[in-house]
Amino acid sequence: MNTPLLALEQLTVRYGGITALRTISLQVQSGELVALLGANGAGKSTTLRAISQLVPAASGSIRWHGGTINGLAPERTVKLGISHCPEGRRVLARQSVVDNLELGAWLRRDQAGVRSDLERCYGLFPRLAERREQLAGSLSGGEQQMLAIARSLMARPTLLMLDEPSLGLAPKLVAEVMEALQALHRDGLTMLLVEQNANAALAIADRAYVLVSGSIEQQGSAAALRHDERIKAAYLGP
Amino acid sequence: MTTDLTQLLLNGLSIGAVYALFALGYTLVFSVLGVINFAHGAVFTLGAYFTFLLIGGSVGANGLLAGFQLPFAMPFWWALPLAGMAAAAVALVIERIAFRPLRDRGADPLLALITSLGAGVVLVNLIQLLVGAESYAIPTTALADLPPAIKLLGAQVRTVQLLLLLVAAVLLVILSLWIDGSRSGKALRAVAEDPTTAQLLGIPSARMIQIAFGLSGFLAGIAGGLVGLSVSIAGPYFGIGYGLKGLGVLVLGGLGSVPGAVLGGLIIGLAEACVPAELSGYRDVVAYGFLFVVLLVRPQGLLGRVMPTKV
């Protein structure tokens, strides 16, 4: 097997005295869409926060193209090609849609490329094009989620990490967001998708990991996990 | 009558413009960190002393540096921006010593109020130790190539006051354009709104905070040099009164609002100028009384916004 794009090896993260992640290992191959599933508080967001260096690893390593990136400044991980779309959207409410998108391309110097990516984002989410001059804070929840995803894309990442993109959205919008992610995946973008909505995530993922209280309990292809009795009982409902 | 009115307006606007510069320095740091930098007044004071030294002034007899004079003297126009830059450097050191260690340890941001107050006290006492407590006047010969007063709209106005107003206005306009229109200005606003998200976009938050401190120090230094020229440096503590006034301006205009800082500065300056000369001891009463009344009606300040609670 090739060197994975991203590999977590025996990663442990602690907040004060509490162990949030216990020696987890996980790989993402280039071009894959990998889902990270689990209940609230299982450590899904912490995993993403550790990868983008917002929280330090207590032990274990985070490898990017095979080289360890532990201890980098968070903004340096963006430069490496890791784009983290955080939980709760976190759009810059007091700036316009287009300013949010342009700030997503902060590290890029290729003006022409940024312009064309901006148009690509508007093509992916036409509602953002209609609201480009509006303040991001005035958008609906679904539109803010689209803006957050589009803003992460503006960095032209190698790996896009999404934290609960379906959270708090109406079912119709969840479908819309998932379709957009699927389209990005078809275009070859590598993604690590954190979701509580296991149904929606497994429908578009290639592989998935299941986190339970900070440890990886199960892993496998999305198709296999969809039919796994334990997963069905715990996350998929009847 | 119109003469008096012109003079009065100009008095008010020129001192108000300095208050605005001062408050804008507070605003820059407040908007990125959410705390007031209490050492700001001391940086202002330093700016005045730096200007005094750079134009060739010599230190009096009471400090460790008694009789000291720089081996060169430069025109005021060179001295003022240089003093601003030196003040910016001091502000960066204050950030490094009084703010960053707390941030790195994840301490409550409010603790920076105490550490910055401490840094301010140290600076003021250092000034006293080095150059003594006497007042220094920046000689008006610093502007030898300009007439001391010119006629404007039928009134004789002091050139210094016009300069104060012009320099402050130019800086305020440049700064507002930069914050609202430029890429790095937008990045600074992103850090102010949400530093973690800014980092996830690749914006170096720590660097942007340094830029805010540097600019804030530069503005304070320039304001100090201008006031020193206009009314003389009344001793190491002379920045404290302006510091408090700047704080009042900030609250009046609305915390964290750039146009608010400017409007607040001009209003307080004009309010003070309306106090007749024989009652000049009551100027501060008028300024703070005005602040008091406005806050009763608009607690968020004139242009401040009520912070929405997150959903």
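Residues numbered from 1 in each chain as written. Chains lettered and ligands numbered in written order. Predicted model: local features only at pLDDT ≥ 70, side-chain atom pairs only at ≥ 80, totals over all residues. Heavy atoms only, no water.

Asker: Explain the overall build of chain B residue by residue, including any values.
Answerer: Counting its secondary structure elements, chain B contains 11 helices and 2 strands. Listing every helix and strand of chain B by position from the N terminus yields α-α-α-α-β-β-α-α-α-α-α-α-α. The C-alpha radius of gyration of chain B comes to 20 Å, within 12% of the 19 Å expected for a compact globule of 311 residues. Seen through its principal axes, chain B has C-alpha atoms that stretch 55 × 50 × 35 Å. Classification of the 311 residues of chain B by burial places 50% in the buried group. Look at the contacts in chain B between residues 6 or more apart in sequence, and 74% of them connect residues 24 or more apart. (Helix = DSSP H or I, 4+ residues; strand = E, 2+ residues; numbered from the N terminus. Rg over C-alpha atoms; globule rule 2.2 N^0.38 Å. Buried < 20%, exposed > 50% of the residue type's maximum accessible area, 1.4 Å probe, protein only. Contact = heavy atoms within 4.5 Å.)

Asker: Please set out the overall build of chain A residue by residue, giving values where relevant.
Answerer: When helices and strands are tallied, chain A shows 10 helices and 10 strands. Its C-alpha atoms give chain A a radius of gyration of 17 Å, within 12% of the compact-globule value 18 Å for 238 residues. Its C-alpha atoms put chain A at 45 × 45 × 35 Å along the principal axes. Buried residues in chain A amount to 54% of all 238 residues. Considering only intrachain contacts with a sequence separation of at least 6, the fraction spanning at least 24 residues in chain A is 67%. Taken as a whole, chain A presents about 10000 Å² of accessible surface, with 50% of it coming from carbon and sulfur. (Areas by Shrake-Rupley, 256 points an atom, 1.4 Å probe, with all protein chains shown as cover.)

Asker: Please provide a residue-by-residue account of the pairing of strand E10 (residues 215–221) of chain A, values included.
Answerer: Residues and elements named next belong to chain A. By the bridge criterion, 6 bridges tie strand E9 (residues 207–212) to E10 in an arrangement that is antiparallel. Bridging from a neighbouring strand, Leu211 pairs with Ile216 of E10. Counting the residues that bridge the hairpin from E9 to E10 gives 2 residues, and of these Ser213 lies at a positive phi of roughly 35°. (Pairing = 2+ DSSP bridges.)

Asker: Lay out the environment of A:Asn197 with the relevant residues and their values.
Answerer: All names here are of chain A. Structurally, the position occupied by Asn197 is in the loop between strand E8 (190–195) and helix H8 (198–204). The class for Asn197 is partly exposed, based on a relative accessible area of 29%. Considering only alpha carbons, one finds Asn197 and Leu167, 30 residues apart in sequence, at a separation of 8.1 Å. A distance of 3.1 Å separates the side chain of Asn197 from the backbone nitrogen of Ala200, its partner in a polar contact. (Polar contact = N/O pair within 3.5 Å; in protein donor to acceptor, adjacent residues only side chain to side chain.)

Asker: So, the interface of chain A and chain B: which residues are in play, and what are the values?
Answerer: Each side of the interface is counted separately: chain A has 23 residues, and chain B has 18 residues. For the pair chain A and chain B, the two sides together bury roughly 2100 Å², of which 55% comes from carbon and sulfur. Summed over the three residues of chain A that lose the most area to chain B, namely A:Glu75, A:Arg94 and A:Trp106, the buried surface amounts to 34% of that side. On inspection of chain A and its partner chain B, the count reaches 2 salt bridges. Between B:Lys186 and A:Asp99 there is a salt bridge, with its nearest N and O atoms 2.9 Å apart. In this structure, the connection of chain A to chain B is made through 8 residue pairs in polar contact (both at pLDDT 80 or more). Of all the secondary-structure elements, those providing two or more residues to the side of chain A that touches chain B are helix H2 (74–80) and helix H3 (97–104) of chain A. Looking at the side of chain A that touches chain B, the element that brings in the most residues is H3(A), giving 4 residues. For the side of chain A that touches chain B, the residue count by class is 11 nonpolar, 4 polar and 8 charged. (Buried area = accessible area lost by both parts, 1.4 Å probe. Salt bridge = Lys/Arg side-chain N within 4 Å of Asp/Glu carboxyl O. Nonpolar A, V, L, I, M, F, W, Y, C, P; charged D, E, K, R; others polar.)

Asker: Requested: an account of unusual backbone geometry, with residues and values cited.
Answerer: All names here are of chain A. The phi dihedral of Arg89 is positive, around 70°, even though this residue is not glycine. Secondary-structure assignment places Arg89 in the loop between strand E6 (82–85) and H3. Judged by its relative accessible area of 16%, Arg89 falls in the buried class. Positive phi, normally seen in glycine, also occurs at Arg156, with a value near 50°. Tracing the chain through its elements places Arg156 in the loop between helix H6 (141–153) and strand E7 (159–163).

Asker: Which residues make up the sheet that holds E10(A), and what values go with them?
Answerer: All names here are of chain A. Across the sheet, 6 strands lie side by side as E6-E7-E8-E3-E9-E10; this open sheet has mixed pairing. Of all strands in the sheet, those bounded by a partner on one side alone are E6 and E10. In this sheet, adjacent strand axes meet at a mean angle of 15° when their direction is disregarded. Across the sheet, helix H7 (residues 171–186) is in contact with strand E3 (33–38), E7 and E8; its angle to E8 comes to roughly 155°. (Axes fitted to C-alpha atoms, helices over the stretch in contact; angles between N-to-C directions.)

Asker: Tell me about the packing of helix H9 (residues 238–253) of chain B against helix H10 (residues 258–273) of chain B, residues and numbers included.
Answerer: All names here are of chain B. Their axes nearest at 7 Å, the elements H9 and H10 cross at an angle of 120°. Relative to H10, the element H9 lies oblique. The handedness of the crossing between H9 and H10 comes out as right-handed. Contact residues: Lys245, Gly248, Val249, Leu252 and Gly253 in H9; Gly260, Ala261, Gly264, Gly265, Ile267, Ile268 and Glu272 in H10. (Parallel < 35°, antiparallel > 145°, perpendicular 65-115°, else oblique. Left-handed = near helix turned anticlockwise from the far one by under 90°.)

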